[in-house]
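# Remarks on the overall topology
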Amino acid sequence: MTVGFHALRKILVAASARSIYRADDAVAGALWEHALATALAADELSRAAGEAPGGEGFIAGLLHDVGRLVFH
C-alpha cells in the first residue's frame with residue numbers, strides 16, 4: 001500500500017529484466033544501463049502525456065533493446 005501499485009509494477013519489471021543481463025559482462029552492463037535510462041526517459045515522457053507512472057512507456061523503454069542482448 002505504501003509503495004503503490006504502479007511503483008511496485010515498475011520495480012518488479014525492472015528486477016525481472018535485470019536478471020537477463022549478466023553482471024560480470026561489461027557489454028551486458030552497458031546495455032542494461034542504456035535500457036534503464038531509456039525506460040526512465042520513456043516513463044517521464046508518458047507522465048508528461050498524462051499516463052500513469054510505471055506503465056507501458058517504462059516497460060517499452062526497458063525492453064526496447066533486448067535484441068541487442070540476444071545478438072551479444
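This text follows the structure it describes.
So, here is what we can say about the structure in this document. (Residues numbered from 1 in each chain as written. Predicted model: local features only at pLDDT ≥ 70, side-chain atom pairs only at ≥ 80, totals over all residues. Heavy atoms only, no water.)

## Describing the side chain of D65
Turning to its location among the elements, D65 is positioned in the loop between α3 (56-63) and α4 (66-71). For D65, a relative accessible area of 14% corresponds to the buried category. Among the polar contacts listed, one links the side chain of D65 to the side chain of H34, at a separation of 3.2 Å. (Helix = DSSP H or I, 4+ residues; strand = E, 2+ residues; numbered from the N terminus. Buried < 20%, exposed > 50% of the residue type's maximum accessible area, 1.4 Å probe, protein only. Polar contact = N/O pair within 3.5 Å; in protein donor to acceptor, adjacent residues only side chain to side chain.)

## Thoughts on helix α2 (residues 26-48)
Each α-helix winds once per 3.6 residues, and so residues spaced three or four apart point in a common direction. The end-to-end C-alpha distance of α2 is 33 Å, a good match for the 33 Å that 23 residues give at a rise of 1.5 Å each. If you check which residues of α2 are buried, you get A28, L31, W32, A35, A39, A42, D43 and S46. Buried residues along α2 sit against α1 (5-18), α3 and α4. Capping the start of α2 is the job of one residue whose side-chain oxygen sits 3.1 Å from the backbone nitrogen of V27: D25. Where α2 terminates, the next one or two residues include G50, which has phi positive at roughly 95°. (Expected span 1.5 Å × (residues − 1). Contact = heavy atoms within 4.5 Å.)

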